[in-house]
Amino acid sequence: MEQLDSQSNCTACSAGAYCEAPGTIIPSSCPVGHFCEAGTAQPVPCPALTYGSGTGLQNESQCLPCEPGYWCSAGKNYSCNEGFYNEATGSDDPETCMRCPEQSTTDAKGSTSRTDCKCAPKYFAAAAGNAAEAEAGTIRCEICTSSMDCTAAG
């Protein structure tokens, strides 16, 4: 009976997957937020200020920059909550999500600008109080009177 060299049956794990244990026959797909180059034993997290949008990333260049409306940590992106916005690219802290002005909110998570802020129901957008507010695009919301229809945000 012929003996095989133990190394002759080994193949490197392909890019986009990792082979944690020596001699692993079935590789694991590289998880979200990580990349796995050929021969990787452990997934590598996407670098700071980037994220991996899916499984099976093969190299660092497939990690995407953190976009406005989001903040990124440990290779994953997180949207700013409803009522918050983030205009910056490359944020790594949830504190970069800024709260909309009083009595205003956004239509969805991941808003990218303070201009996405709209007055909450029962409030209306009043004229800017001063030139600085107008220039900054800051919204000022005031309570509706009984003669107004303020049932929707805006």
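1. Considering the overall build of the chain
Point 1. The number of helices and strands found in the chain is one helix and 14 strands.
Point 2. Of all 154 residues assigned to the chain, the portion counted as buried reaches 31%.
Point 3. For the chain, the share of sequence-separated contacts (at least 6 apart) that also reach a separation of at least 24 residues comes to 32%.
Point 4. Carbon and sulfur atoms provide 51% of the accessible area of the chain, an area that totals close to 9700 Å².

2. Concerning the pairing of strand β8 (residues 76-79)
Point 1. Pairing of strand β7 (residues 70-73) with β8, which is carried by four bridges, proceeds in the antiparallel orientation. Each bridged residue has a counterpart across the sheet, and for Trp71 the counterpart in β8 is Tyr78.
Point 2. Taking the residues that link successive antiparallel strands as the turn, the β7-β8 hairpin has two residues, and the phi of Ala74 there is positive, at about 50°.

3. Notes on the environment of Met148
Point 1. Inspection of the secondary structure puts Met148 in the segment after β14 (140-143).
Point 2. The exposure class assigned to Met148 is partly exposed, which follows from its relative accessible area of 37%.

4. Regarding unusual backbone geometry
Point 1. Positive phi, close to 70°, is recorded for Leu49, a residue that is not glycine.
Point 2. Positive phi, close to 80°, is recorded for Lys122, a residue that is not glycine.
Point 3. Within the secondary structure, Lys122 sits in the loop between β12 (118-119) and β13 (123-126).
Point 4. The exposed category is assigned to Lys122, whose relative accessible area is 60%.

5. Examining the state of the cysteines
Point 1. Summed over all chains, the structure comprises seven disulfides.
Point 2. Bridging Cys80 to Cys97, the disulfide has an S-S length of 2.1 Å. Its S-S torsion of approximately -75° makes the covalent link between Cys80 and Cys97 left-handed. Of this pair, Cys80 sits in the loop between β8 and β9 (84-85) while Cys97 sits in the loop between β9 and β10 (98-99); the two residues are 17 residues apart in sequence, bridging distant segments of the chain. The exposure classification of Cys80 matches that of Cys97, with both residues buried.
Point 3. Cys119 shares a disulfide with Cys141; S-S distance 2.1 Å. When the S-S torsion is -95°, as for the bridge of Cys119 with Cys141, the disulfide is left-handed. Residue Cys119 is found in strand β12, and its partner Cys141 is found in strand β14; the two are separated by 22 residues along the sequence. The two residues Cys119 and Cys141 agree in class, both being buried.

Thresholds applied
Numbers given to residues run from 1 along each chain, matching the order in which its sequence is written. Where local features are concerned, this predicted model is filtered to residues with pLDDT of at least 70; where side-chain atom pairs are given and counted, the filter is 80 or more; whole-chain, interface and lining totals use all residues. Processing note: side-chain calculations cover all non-hydrogen atoms of the structure and skip hydrogens and water entirely. Secondary structure elements are taken from DSSP: a helix is a run of H or I of four residues or more, a strand is a run of E of two residues or more, and numbering for both begins at the N terminus. Accessibility here uses a 1.4 Å probe with only protein chains present; expressed as a share of the type maximum, an area under 20% marks a residue as buried, one over 50% as exposed, and anything in between as partly exposed. Any two residues having at least one pair of non-hydrogen atoms within 4.5 Å are treated as being in contact. Only the protein chains shown count as cover for residues, with accessible areas throughout obtained via the Shrake-Rupley method and a probe of 1.4 Å. By definition, two strands form a pair when at least two bridges between them are found by DSSP. The disulfide criterion used throughout: a pair of cysteine sulfur atoms within 2.5 Å.

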